[in-house]
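Each chain, letter by letter, is given below.
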2 protein chains.
Amino acid sequence: MSLRSKLEDVAKMAGVSTATVSRCLNEPGKVTNKTRERVMNAVDALGYTPHFGAKALASRKTRTVGAVIPTMDNAIFARGLQAFQEALAAAGVTLLVSSSGYDAEQEADQIRVLVMRGAEGVLLIGTARLAKAYEFLARSKTPYVIAWALSDRESPCVGFDNMGAAKAMAERVLALGHRDIAMISGITAMNDRAASRVEGVRAALVQGGLDPDRLSVEEVHYAFDAAGKAFERLMVREVPPTAIICGNDVLGVGAISAAKRRGLRVPEDISITGFDDIDIAAHVEPGLTTVHVPHERMGAGAAAALLALIEGETPQATVCIETRIVERGSLGPPRVGA
Amino acid sequence: MSLRSKLEDVAKMAGVSTATVSRCLNEPGKVTNKTRERVMNAVDALGYTPHFGAKALASRKTRTVGAVIPTMDNAIFARGLQAFQEALAAAGVTLLVSSSGYDAEQEADQIRVLVMRGAEGVLLIGTARLAKAYEFLARSKTPYVIAWALSDRESPCVGFDNMGAAKAMAERVLALGHRDIAMISGITAMNDRAASRVEGVRAALVQGGLDPDRLSVEEVHYAFDAAGKAFERLMVREVPPTAIICGNDVLGVGAISAAKRRGLRVPEDISITGFDDIDIAAHVEPGLTTVHVPHERMGAGAAAALLALIEGETPQATVCIETRIVERGSLGPPRVGA
């Protein structure tokens, strides 16, 4: 199908002129929200790739790369992104970042904006996203790399085994004698990293001969206060847990603070673990036992892979960064008689 | 001067053809680093504004706005930026962010990249930056808003009084009876916020009849470990301080951890204060007494001002967001006999 006929198809489907479609794509501020939405729906439905018909995007050398991250808060992605940016800068490439607020629709929009603003390639976090985002990447021939998770997609990934790391942490908890284990997890919908970590804990329970359905999981946004409230809900259950495995360090630190407010000693009365090893994990009391993710190595590796893709090379499909457990003091054996 | 002759001037000064200048500006990846540097130096020297000659940038409606922040680490800017982004999103505008690593050259480059990639306006942090960055903004007629500080520039600012807030904190420290006061500050060069906070503490000392030159100031990068080392250096001085005023919460938390490692009680043996009131300030032990900055209000206000500027309106020149001190426990009177 020629570029021309496609533009006409979009116009026809949206019930507007081809000039309006062009204006909508190039100067969206000049059309009404309603028209823009109608045109963009037609663009999505017909798989029309504005601007990219004549010339593959990869041949445009803007020296700009994009990244869409779920949040800028709590430094969860900051350290890895910093290393990613430094490696790009060494190659003379500037990074533009967009943050989606863990919203899949917003992520898809932001990927499109970054590419239409000239990003030669994009860094994406994890694998769970809307099909239309992947379709847009394919249509626009935009190189992309997935980080923070392992992926079986064709495009390369530089990540780590979220499930395996969470399983290893749960195994350590079980080995200390805990049987009443709960989890405070991030929202798992459209977050493969969060979902894999829950899966990893369940797998450890099964392996230990325990019923994985007995695992209480509280799903909350990655926020200190939300973790505190989830902690409260877990502790008023008929059989309160003796150990809480948290989906990340923000949740772990929030849980430690909530335990103290309740007058509970960590780990004597309740064990708490985290995931990520962000700076704060070492500065709370007790220090948070957590999964250390080598964020710098991941960010630098992702940059190398993306730069190679942009140059038309074929980097290694999957780079798995090894994680390890860092013991700090928030995990101990259950209280005798608990 | 016509656009044409300017392009020729740049080519002449750089000793290349006008075609090379164009390629350099539009497809920088296709010229060598050396050529690009020569051309960009000529562009800077001659004040040539690529692309923007015929048509003011403000008339391009890309529905994209840029922000250059000093760092994505430690959530110092995350909360304000999140509010900024949400207010933009409500107006159908996408935010692209670049982080300069507190490097003024990099900031100037990133402003240029954002504008050349279509940003209709930019958010900047504080006032201290290279003249060429301000010149580029003026030449390209790019609307910008300054946040996190007050500014006497023509473009509007939505910020707070860094000096006044730090002075208020120092006054409180003095009122408790402390006389041997030190400061762990961020690097003040090209960081007006850090410099103003030091100035505020000195002003309080002068007002209290103390010699401001007796204030020991350790300037370090905003990192937990750097603060810990600065703390060590301060405590081995002939007259160690009884109170340390930190330039932000990352430094404050790092200092609290260092105090504990040294076996010192906070605040009984040493008082420590912060600035910003990021989440972590409430989760360390003792909680960090700090300056609360209403980041959400600042971010939302900055978005409103920038959107107004882009629409050709004239927003209020200076919006000063009130800060307040949050008492948490890390600040107390000096030990008797100390």
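Residues numbered from 1 in each chain as written. Chains lettered and ligands numbered in written order. Predicted model: local features only at pLDDT ≥ 70, side-chain atom pairs only at ≥ 80, totals over all residues. Heavy atoms only, no water.

Asker: Lay out unusual backbone geometry in plain terms, naming residues and giving numbers.
Answerer: Residue and element names in this part refer to chain B. In this structure, the amide linkage connecting valine 266 to the following residue, proline 267, adopts the cis form with an omega of 10°. Mapped onto the secondary structure, proline 267 falls in the loop between helix 10 (249-261) and strand 9 (271-273). For the bond from glutamate 285 to proline 286, the omega torsion is -5°, close enough to zero to count as cis. Here proline 286 lies in the loop between strand 9 and strand 10 (290-292). For lysine 141, which is not glycine, the phi dihedral falls at a positive 50°. Of note, lysine 141 is situated in the loop between helix 6 (131-139) and strand 4 (144-147). (Helix = DSSP H or I, 4+ residues; strand = E, 2+ residues; numbered from the N terminus.)

Asker: Describe the pairing of strand 7 (residues 216-219) of chain A, and please don't skip the residues or the numbers.
Answerer: Residues and elements named next belong to chain A. Only one face of strand 7 is covered, namely the face carrying Ser216 and Glu218; the face carrying Val217 and Glu219 is uncovered. Of the pairings in the sheet, the one linking strand 6 (residues 181-185) to strand 7 comprises four bridges and is parallel in character. Opposite alanine 182, over in strand 7, you have serine 216 as the bridge partner. For the crossover that starts at strand 6, traverses helix 8 (residues 192-207) and ends in the parallel strand 7, the hand is right-handed. (Buried < 20%, exposed > 50% of the residue type's maximum accessible area, 1.4 Å probe, protein only. Pairing = 2+ DSSP bridges. Right-handed = clockwise from strand over helix to strand, strands pointing away.)

Asker: Describe the pattern of salt bridges, and please don't skip the residues or the numbers.
Answerer: All names here are of chain B. One pass over the structure, following the stated rule, counts 30 salt bridges over all chains. Residue glutamate 105 pairs with lysine 132 through a salt bridge whose shortest N-O separation is 3.0 Å. Of the two residues, glutamate 105 sits in helix 5 (residues 104-116) while lysine 132 sits in helix 6, which places them 27 residues apart along the sequence. Looking at glutamate 105, the relative accessible area reads 43%, which means it is partly exposed. A residue is classified by how much of its surface remains accessible, and lysine 132, at 30% relative accessible area, is partly exposed. Arginine 262 is the partner of glutamate 232 in a salt bridge, and the nearest nitrogen-oxygen pair spans 2.8 Å. (Salt bridge = Lys/Arg side-chain N within 4 Å of Asp/Glu carboxyl O.)

Asker: Give me the lowdown on the sheet that holds strand 8 (residues 243-246) of chain B, citing residues and values where you can.
Answerer: Residue and element names in this part refer to chain B. The sheet built from four strands is open, its strands ordered 7-6-8-9 with parallel pairing. Edge positions in the sheet fall to strand 7 (216-219) and strand 9, since each has one partner strand and no second. Going across the sheet, the axis of each strand differs from the next one's by a mean of 15°, ignoring polarity. Across the sheet, helix 7 (residues 162-175) is in contact with strand 6 (181-185), strand 8 and strand 9; its angle to strand 8 comes to roughly 170°. Together, strand 6, strand 7 and strand 8 form the strand contacts of helix 8 (residues 192-207), whose direction differs from that of strand 6 by roughly 170°. (Axes fitted to C-alpha atoms, helices over the stretch in contact; angles between N-to-C directions. Contact = heavy atoms within 4.5 Å.)

Asker: Talk me through helix 4 (residues 78-90) of chain A; I want residue IDs and the actual numbers.
Answerer: With 13 residues, helix 4 of chain A extends 18 Å between its outermost C-alpha atoms, agreeing within 8% with the 18 Å of an ideal straight helix rising 1.5 Å per residue. For helix 4 of chain A, the set of buried residues is Ala78, Arg79, Gly80, Leu81, Ala83, Phe84, Gln85 and Leu88 of chain A. Along its buried surface, helix 4 of chain A packs onto strand 1 (64-69), strand 2 (94-99), strand 3 (122-125) and helix 11 (295-310) of chain A together with strand 2 (94-99) and helix 5 of chain B. One or two steps after helix 4 of chain A, the chain reaches glycine 92 of chain A, where phi turns positive at roughly 75°. (Expected span 1.5 Å × (residues − 1).)

Asker: Give a description of the relation of the copies chain B and chain A that names residues and reports values.
Answerer: Laying chain B over chain A is done by rotating through 180° and shifting 0.0 Å along the axis; what remains is an RMSD of 0.1 Å. In short, the pair behaves as if placed about a two-fold rotation axis. A symmetric contact is evident, with 100% of the interface residues of chain B recurring at the interface of chain A. (Least-squares fit on C-alpha atoms with pLDDT ≥ 70 in both.)

Asker: Quick rundown of helix 9 (residues 224-235) of chain A? Include the residues and the values.
Answerer: Think of an α-helix as turning once every 3.6 residues; residues three or four places apart then point the same way. Residues and elements named next belong to chain A. The end-to-end C-alpha distance of helix 9 is 17 Å, a good match for the 16 Å that 12 residues give at a rise of 1.5 Å each. For helix 9, the set of buried residues is Phe224, Ala227, Gly228, Ala230, Phe231, Leu234 and Met235. Across the axial projection of helix 9, the buried residues extend over an arc of 165°, all falling on one side. Within helix 9, the exposed residues directed more than 90 degrees away from the buried face are Asp225 and Lys229. As for helix 9, its buried residues are in contact with strand 6, strand 7, strand 8 (243-246), helix 10 (249-261) and strand 9 (271-273). (Arc of directions from axis to C-beta.)

Asker: Residues and numbers for the domain arrangement of chain A, please.
Answerer: The domain architecture assigned to chain A consists of domain 1 (3-46), domain 2 (60-160 + 295-323) and domain 3 (162-293). If you average the C-alpha positions of domain 1 of chain A and of domain 3 of chain A, the two centres end up 48 Å apart. (Domains from an automatic or database assignment.)

Asker: Could you give an account of the sheet that holds strand 8 of chain A, naming the residues involved and the relevant values?
Answerer: All names here are of chain A. If you trace the four strands from one edge of the open sheet to the other, you get 7-6-8-9, paired in parallel fashion. The two strands at the open ends of the sheet, each matched to only one other strand, are strand 7 and strand 9. On average, each strand axis in the sheet is tilted by 15° relative to the strand beside it, whichever way the strands run. Contacts between helix 8 and the sheet are confined to strand 6, strand 7 and strand 8, with strand 6 contributing the most and set at about 170° to the helix. Sheet strands in contact with helix 9 are strand 6, strand 7, strand 8 and strand 9, and its direction is about 155° off that of strand 6.

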